[in-house]
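# Structure at a glance
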Amino acid sequence: MPKFFLSLVFICMTSLLWSQSSQQEKLEQRKAQIQREIKDNEKMLKSVQSKEKSAMNVYLIQKNKIRLKENLISTTTKQTKLLADDIYLNQLKINQLNKELLALKEDYAKKIVQSYKSRSEQSRAMFILSSENFLQAFKRVQYLKQYTNFRKAQGEEIKGKSLELVAVNKKLNEQKIAKQKLLEENQKERQLLEKERIEQEKLVKEIKKDKNRIVSDIRKKQSESKNIDRQIDRLVREAIAEANRKAAAEKARALAEAKAAAAENASKSTKSSKKTTTAPVVEEKEPVTRTEVSSSRIELTPEAKIVADNFRANRGKLPWPVEKGFVSLGYGNQAHPIYNTLVVHNSGVEITTEEGANARAVFGGEVASVMILSPVNKAVMIQHGDYFTVYQNLSTVSVSKGDKVSIKQNLGRVRTSSETGKTVIKFLLLQNTTYTNPQGWLANM
């Protein structure tokens, strides 16, 4: 029973160690990803600092860098905790192996002493020859063979346990070194984070000196943003109306073809029973009526419904509209990062990316419109059933209205502001005319 209990404990410990190893691997991958994001962020920060006239944009990128540093510290802390748990479990395993090895050696020593006392070949022969019959002699021979094999197996088991103990001890030492390395790395990152926060405080003080200009800039940008939103809203409604007109025309054509086929069949059936004298038949034309189509909701065709359902099914898994970057302004009403009383409204999300970055489609669809919002600001709108995605603040566009695009296809170059040095794409998501928060749709946002 004790042996069974020890085996059960050993299995549980092995299973737990495997689970810890899997978590450690995921944390290592997350850590590597955060470190890549920090490098990208530093690259963007240097680019902006070389061109920046206002400290505000530097502050936003610096703020994201601090957030990434905090995430990195949190990840390494989790790794350290997991390593500590692994070290504890491996220490238990070493203790258990030492106990098992000691018991095996003691038992083996007793067997060796017994063998030494009865080592004489004459005593072995006498043990067999003193048998009462042949069957008993045969059994005694078998017993001696089994006893020899058992001793050999004991020796092999002791050897195996010793090797396992050496391996676990080696792993334990490696884990202790790794833990120490993580602790040192964490301490270094905390010092760097403190330095970043001091720089951030300096930026805040510099920004607060220029409150009036900041308020004026915000009001100006909000006014421009509202004008652009009105243009996008008008173009979305036009796209909805156009899609509904096409669907209505297709439906009317199908209905007309069905009526014509029915009329032809009726004409053929009446010819056989036609009388010799008939009065002329005057066909009454149906009055032509112009049907008003909705500009706020798309009447989905079966094909468009499949596209919309597929788009909806990928919520939370869509790729970002740029390969690299971070959200510098979220969706909806956002408090100013320095002045909490200042609130700005954002109809999408703004993603700061690196200079020269390309915008890319987050899902397959059809280009519904290419918009010229200002001489330096272009936008692309893609339709996915009754969903629309808008990619705003492009300097060049590489698609045209009516083009079919695939997921991650290049749509154009994101514009870099000559005033601020920032490269920002504004990404919007609508269902019909209703704006939706894109952050819930994009992967890992």
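Everything below is about the structure shown above.
This section reports on the structure supplied with the text. Because the structure is a prediction, the values reported are computed rather than measured.

## Things to note about the overall build of the protein
Of regular secondary structure, the protein possesses 6 helices and 12 strands. Counted over contacts in the protein with a minimum sequence separation of 6, partners at least 24 positions apart contribute 75%.

## Some remarks on the pairing of strand 10 (residues 410-414)
Remember that side chains alternate between the two faces of the sheet whenever the strand is regular. Examined bridge by bridge, strand 5 (residues 358-360) and strand 10 share 3 bridges and lie antiparallel to one another. Looking at the pairing, Asn-358 lines up with Arg-413 of strand 10. Strand direction decides the pairing type here: strand 8 (residues 387-397) and strand 10, joined by 3 bridges, are antiparallel. Pairing of Thr-396 across the sheet is with Arg-413, part of strand 10.

## Considering the nonpolar core
The biggest cluster of nonpolar side chains holds 26 residues, and the ones touching the most others in it are Tyr-391, Leu-411 and Ile-425. Secondary-structure elements contributing two or more residues to this core are helix 6 (302-313), strand 4 (349-353), strand 7 (377-384), strand 8, strand 10 and strand 11 (423-431). Residue contacts for Tyr-391: discarding those within four places in its chain leaves Pro-321, Arg-360, Ala-361, Val-362, Lys-378, Ala-379, Val-380, Ile-382, Leu-411, Ile-425, Lys-426 and Phe-427. Formed by 16 residues, the second largest nonpolar core is a distinct cluster that contains Ile-228, Ala-239, Met-371 and Leu-430.

## Regarding the environment of Arg-415
When you line up the elements, Arg-415 lands in the loop between strand 10 and strand 11. On the accessibility criterion, Arg-415 (23% relative accessible area) is partly exposed. Contacts of Arg-415, omitting those with residues within four sequence positions, involve Val-376, Asn-393, Leu-394, Ser-395, Lys-422, Thr-423 and Val-424. Here the side chain of Arg-415 touches Val-376 through a polar contact of 3.2 Å, landing on its backbone oxygen. A polar contact is formed between the side chain of Arg-415 and the side chain of Asn-393, at a distance of 2.9 Å.

## Observations concerning helix 6
An α-helical segment advances 3.6 residues per turn. Residues three or four places apart therefore align on the same side. Counted at 1.5 Å a residue, the expected span for helix 6 with its 12 residues is 16 Å, and the 17 Å between its end C-alpha atoms agrees. Within helix 6 the residues assigned to the buried category are Ala-304, Ala-308 and Phe-311. Projected down its long axis, helix 6 carries its buried residues within an arc of 60°, all on one side. Seen from the open side of helix 6, the exposed residues pointing more than 90 degrees away from its buried face are Pro-302, Glu-303, Ile-306 and Ala-313. Contacts made by the buried residues of helix 6 are with strand 7, strand 8 and strand 11.

Thresholds, definitions, all that
- Residues numbered from 1 in each chain as written.
- Predicted model: local features only at pLDDT ≥ 70, side-chain atom pairs only at ≥ 80, totals over all residues.
- Heavy atoms only, no water.
- Helix = DSSP H or I, 4+ residues; strand = E, 2+ residues; numbered from the N terminus.
- Contact = heavy atoms within 4.5 Å.
- Pairing = 2+ DSSP bridges.
- Core = buried A, V, L, I, M, F, W, Y, C linked by side-chain atoms within 4.5 Å.
- Buried < 20%, exposed > 50% of the residue type's maximum accessible area, 1.4 Å probe, protein only.
- Polar contact = N/O pair within 3.5 Å; in protein donor to acceptor, adjacent residues only side chain to side chain.
- Expected span 1.5 Å × (residues − 1).
- Arc of directions from axis to C-beta.

That is the geometry; function is a separate question.
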